[in-house]
Amino acid sequence: MVGAGVIGASVAWHLIRLGVRDVLVLERGATPGEGSTGRATGGFRAQFGTAIDVRLSLLAREKLRRFREEVGVDAGYRPCGYLWLARNAGELSALRAAQRIQHEVGLGEARMVAPEEIAKLNPAASLQGVVGGAFCPTDGFLRPLEVLRGYLDGARRMGARVRFGAEVVALQRGASGRIEKVQLASEDFACGTVVNAAGAWAGALGRLAGVEVPVVPLRRQVACTVPCSFLPEDMPMTLWPGDGFHLRVRDGRVLLLRPVPGAADPFSTDVEDGWLADVGRTAGERVPRLAGVALDRARCWAGLYEMSPDGHALLGRTPACDNLVLVNGSSGHGVMHDPAPFPIAP
Ligand SMILES: Cc1cc2nc3c(=O)[nH]c(=O)nc-3n(C[C@H](O)[C@H](O)[C@H](O)COP(=O)(O)OP(=O)(O)OC[C@H]3O[C@@H](n4cnc5c(N)ncnc54)[C@H](O)[C@@H]3O)c2cc1C
């Protein structure tokens, strides 16, 4: 297993439960979660626009509900809801079209909401220009690092070996085309199957084996306010699909996000002051209680989504190399989909 983010940890745990022995997890960081997992904001939703994503969320949700029982850790799943606010007829009809798919796939509790109901679900959100929305009460939040800890510690307890400071620098293929050796700077390992769980770096790892893995990084910045109590901790994740602006409360601070095109260096995780000023202004307009609330610059951060060409995960063996398994390209939804039982034969 290359990568000890939430995906590598989950796959290691599930493989051992399926009876696979001798699982070795190699992670170049010094601790778990130094990649994207530790930077995720912890949203969980099944309100997606494609059947594949809705299904993955429903599978994951079942596992999240039993996580403590099964894995022994509280994954922090809290169904506080996701509330989408449309500001024109086009946005509203896109929410309605997505909801039809959600209902077909089994997410019956997602519903369209009128402005009067929106005012009850999130009294702090400005209704200015809002023509309606969508809400699902079983969407909500989870704790990314707890999901990771649960799976990684569990995998270790069941016998997985986990090595930190272990960067894979080469994947050596033999005459049959299979990967025979996984190389670190100063040692190497014979291997049966290699799992690419390298997140936003999956493309680079694939290239070590001469395999094209179409996953590219995309920076996401997060603005974090100073501690404040203007909004309740159980406020639903509230999103404006027109520009993607959304916010939630976590640990007594408000997290503000708005997607913008990536940086010139695709692996940059810099936070831009101009972006912070802009997102802070938008917060004050959309949620008037936040007007003037200071951002805590030192607590703002950025991380990388792992984008696939169509925004869906790439799961399973690759035809380009018989013993390389991909668990890549969750495209910004890797934590919430992580517990879903991925259909990979060991
Ligand atoms: C700002 C932000 C907010 C997000 N919010 C959410 C959210 O609300 N909900 C959600 O579901 N998802 C969210 N995500 C996405 C989520 O973080 C990712 O989808 C998920 O963490 C991917 O997990 P992973 O294990 O594949 O990747 P990672 O956590 O990045 O793990 C990959 C690991 O591979 C290691 N690695 C890479 N190359 C090598 C190598 N050659 N040798 C050894 N180790 C290597 C890296 O060091 C890294 O630790 C968010 C992401 C960001 C950036």
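Description of the structure in this document. (Residues numbered from 1 in each chain as written. Predicted model: local features only at pLDDT ≥ 70, side-chain atom pairs only at ≥ 80, totals over all residues. Heavy atoms only, no water.)

## So, the state of the cysteines
- Applying the stated rule across the entire model yields 0 disulfides.
- Free of any disulfide, Cys 136 has its nearest cysteine sulfur in Cys 80, 12 Å distant.
- Classification of Cys 136 by relative accessible area gives buried; the value is 0%.
- With no disulfide of its own, Cys 228 has Cys 224 as its nearest cysteine by sulfur position, at a separation of 9.0 Å.
- With relative accessibility at 16%, the residue Cys 228 sits in the buried group. (Disulfide = S-S within 2.5 Å. Buried < 20%, exposed > 50% of the residue type's maximum accessible area, 1.4 Å probe, protein only.)

## Some thoughts on the site of the ligand
- Taken together, 35 residues lie near the ligand, and Glu 27, Thr 37, Gly 43, Glu 306 and Met 336 sit nearest.
- The side chain of Thr 37 places a nitrogen or oxygen atom 2.5 Å from an oxygen atom of the ligand.
- In this structure, Gly 43 approaches the ligand through a main-chain N or O atom, which is 2.7 Å from an oxygen atom.
- Notes on the ligand: free accessible area 990 Å², of which the protein chains cover 97%.
- Of all the secondary structure elements, the ones that give two or more residues to the shell around the ligand are α1 (6–17), β12 (216–224), β16 (301–307) and α9 (334–337).
- Among the elements that line the shell around the ligand, the one with the most residues is β16, at 4 residues.
- Considered class by class, the residues forming the shell around the ligand number 16 nonpolar, 13 polar and 6 charged. (Near = heavy atom within 4 Å. Polar contact = N/O pair within 3.5 Å; in protein donor to acceptor, adjacent residues only side chain to side chain. Areas by Shrake-Rupley, 256 points an atom, 1.4 Å probe, with all protein chains shown as cover. Helix = DSSP H or I, 4+ residues; strand = E, 2+ residues; numbered from the N terminus. Nonpolar A, V, L, I, M, F, W, Y, C, P; charged D, E, K, R; others polar.)

## Some details on the sheet that holds β16
- Taken in spatial order, the 8 strands make up an open sheet running β4-β5-β3-β13-β14-β15-β12-β16, and their pairing is mixed. At either end of the open sheet lies a strand with only one pairing partner, and these are β4 (111–113) and β16. Across the sheet, the mean angle separating the axes of adjacent strands is 25 degrees when strand polarity is ignored.
- Here 2 bridges tie β12 to strand β15 (residues 253–257), and the two strands are oriented antiparallel to one another. Within β15, the position partnered with Ala 223 by the bridge is Leu 256.
- Relative to β15, helix α8 (residues 273–286) is tilted by about 110 degrees, and along the sheet it contacts β12, β13 (237–240), β14 (245–250) and β15. (Pairing = 2+ DSSP bridges. Axes fitted to C-alpha atoms, helices over the stretch in contact; angles between N-to-C directions. Contact = heavy atoms within 4.5 Å.)

## A look at the pairing of strand β9 (residues 179–183)
- Here 4 bridges tie strand β8 (residues 170–173) to β9, and the two strands are oriented antiparallel to one another. Bridge pairing links Leu 171 to Val 182 in β9.
- The loop that links β8 with its antiparallel partner β9 comprises 5 residues; one of these, Gly 177, has a positive phi angle of about 95 degrees.
- Taken together, the 3 bridges between β9 and strand β10 (residues 188–190) define a ladder with antiparallel strand orientation. Directly across from Lys 181, in β10, lies its bridge partner Ala 190.
- Counting the residues between successive antiparallel strands, the hairpin from β9 to β10 contains 4 residues.

## Let's talk about the pairing of β13
- Judged by which residues are buried, β13 turns out to be covered on both faces: Met 237 and Leu 239 on one side and Thr 238 and Trp 240 on the other are all buried.
- Here strand β3 (residues 82–86) pairs with β13 via 3 bridges, running parallel. Each residue of the ladder has a partner; that of Trp 84, found in β13, is Leu 239.
- With 3 bridges connecting them, β13 and β14 associate as antiparallel partners. Opposite Thr 238, over in β14, you have Leu 247 as the bridge partner.
- Remark: 4 residues form the turn of the hairpin made by β13 and β14, two consecutive strands paired antiparallel; Gly 244 in that turn has positive phi of roughly 80 degrees.

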